[in-house]
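Each chain is listed here by its residues.
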Amino acid sequence: MKKVLLSLLIASSIFMAGCSSFKSGKDVIIKVNDTNITKQMYDDAFNQSASSSLVKKEDKNSDKGRFLNLVMKDRIVNELVIKEMLEQEYKKMNITVSDEEMDKAMDKIYTLVGGRKNFLDGLKMSGATEQQYKEAVEKELKADKLLKKINTEKISDKDIEKYYNDNKSSKFVYPDMVRASHILIMANEEEIKEELKNKNPKTDDSTIASQASQEMEKRKAKANAILAELKKDSSNFAKTAQKESEDLSSANLGGDLGFFAQQEVPEEFSKAAFNTKPGEMVDSVIQTMAGYHIIKVTDRKEAGIMPFEEVKGDIRTFLENEKKISSLQKYIDSLKAKTKVVYVDKSYDPAEIQQELKDVMKKFNNESQQTVKKDEKQK
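Here goes a summary of the coordinates provided.

### Brief notes about the sheet that holds strand β6 (residues 286–288)
Here is step 1: Pairing is antiparallel in the open sheet, where four strands are placed in the order β5-β4-β7-β6. Edge positions in the sheet fall to β5 (256–260) and β6, since each has one partner strand and no second. When the angles between neighbouring strand axes are averaged without regard to direction, this sheet yields 40°.
Here is step 2: Of the pairings in the sheet, the one linking strand β4 (residues 177–186) to strand β7 (residues 291–301) comprises 10 bridges and is antiparallel in character. Looking at the pairing, A180 lines up with V297 of β7.
Here is step 3: Packed onto the sheet, helix α10 (residues 237–244) meets β4 and β7 and runs at close to 40° relative to β4.

### Here we look at the nonpolar core
Here is step 1: Ranked by internal contacts, the top residues of the largest apolar core, which has 32 residues, are I30, I37 and Y42.
Here is step 2: Only β1 (28–32), α2 (39–50), α3 (63–92), α6 (130–150), α13 (308–338) and α14 (350–378) provide two or more residues apiece to this core.
Here is step 3: Counting residues in each nonpolar core, the second largest holds 18 residues, with I185, A187, L227 and A241 among its members.

### Some points on the pairing of β1
The two faces of the sheet receive side chains in turn, since in a regular strand these alternate between them.
Here is step 1: The buried fraction of β1 amounts to four of the five residues, a majority that puts the element mostly inside the structure.
Here is step 2: In this sheet, strand β9 (residues 341–342) lies alongside β1 in antiparallel orientation, the contact comprising two bridges. For V32, the partnering residue across the bridge sits in β9 and is V341.

### Regarding the side chain of K142
Here is step 1: With respect to the helices, strands and loops of the structure, K142 is situated in helix α6.
Here is step 2: Leaving out residues up to four positions away in the same chain, K142 has contacts with E87, Y90, I95 and V97.

### Structural notes on the pairing of β4
Here is step 1: Taken across its 10 residues, β4 has eight buried, putting it largely inside the fold.
Here is step 2: Strand direction decides the pairing type here: β4 and β5, joined by three bridges, are antiparallel. The residue of β5 that forms the bridge with V178 is F260.

### Some words on the packing of aromatic side chains
Here is step 1: Scanning the entire structure with this criterion turns up 10 aromatic pairs.
Here is step 2: On the basis of an interplanar angle of 45° and a centroid distance of 5.5 Å, the ring pair of Y163 and F318 is categorised as tilted. Placement of Y163 in helix α7 (residues 157–167) and of F318 in helix α13 is noted, with a sequence separation of 155 residues between them.
Here is step 3: You can call Y163 buried: its relative accessible area is 12%.
Here is step 4: In textbook terms, an aromatic cluster arises when at least three aromatic residues are bridged by ring pairs, as seen for Y163, Y164, F172, F308 and F318.
Here is step 5: Over the face of the ring belonging to F259 we find K301, whose NZ or CZ atom lies 4.4 Å from the ring centre.

Calculation notes
Residues numbered from 1 in each chain as written. Predicted model: local features only at pLDDT ≥ 70, side-chain atom pairs only at ≥ 80, totals over all residues. Heavy atoms only, no water. Pairing = 2+ DSSP bridges. Helix = DSSP H or I, 4+ residues; strand = E, 2+ residues; numbered from the N terminus. Axes fitted to C-alpha atoms, helices over the stretch in contact; angles between N-to-C directions. Contact = heavy atoms within 4.5 Å. Core = buried A, V, L, I, M, F, W, Y, C linked by side-chain atoms within 4.5 Å. Buried < 20%, exposed > 50% of the residue type's maximum accessible area, 1.4 Å probe, protein only. Phe/Tyr/Trp six-rings, centres within 6.5 Å; stacked < 30°, edge-to-face > 60°. Lys NZ or Arg CZ within 6 Å of the ring centre and 35° of its normal.

Have a look at this one:
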């Protein structure tokens, strides 16, 4: 049960914030009770989703492109309708989120990813904006408040213990693990080249490559200098990590990365850490895509089954989230039954979209069969 990474949080929640709030009567495609969903709102949501999916890479006129577009269209229409139904429900139940609640939620996220700078860097990579993310968080906070009103069932200690006993031989087995701390000097040559190019667009590629190489050597020299000092006295490792490491999420912990298996970290890092005894530092600076690492191994443990007390809290969180999802789905189903949804533009009607999907699949299957027959004749 891993912590949710920022990239996954963005991928799973940003859609809910990616829709324009513009709701005039122009280009209305769907009406949810008396509220309009416009073509612009749909396009905004579609473009946000397509920017990080296979749809963007496919020719929309090809069978595969049409199929992927229709699948996404079906999903987005459904989500737009659900989003509006929930918004109407929040108003009825007077569910709001205060500035203080938002600040508290965002502070938790900043801490999870190692600071606001890391958060913004993650957003930049995803193509999302901070405002979109905050709107998504607000929707999640509202949904959570709704769930607290409609979901009265609690997870008991017996539920947790049963889940553990039923799954301990499959979900709670861990391989050989190492605990290590590191100091990271960030250095990715391609990213450095991009930064240099952005600062000096007229500079030729060979000059950029030379400058990037020099910068890499400069950062490597810094890492080697830190390692040399720590070899004199490794007891200062935690303080040095807090001061020098550019991995903010672990720097605040003295560089501690916790326990990890071989497959959970880059191969170069893993090989060095697993070949070092607890209490010792890796003899040389290790380079990965992230940059240059100074590594100190602090503990090891052999493969086994996680103790119940160690995972009890994670299991409770997991079961509570499952129950929340189930409760919310049941509530949404009940809302659908009493909400008047009119598909003004019939091309956005789920029934029409499903029929189009069947037609595309039928055409694809026919073409595949013809290809097979043609190949058999040639043989």
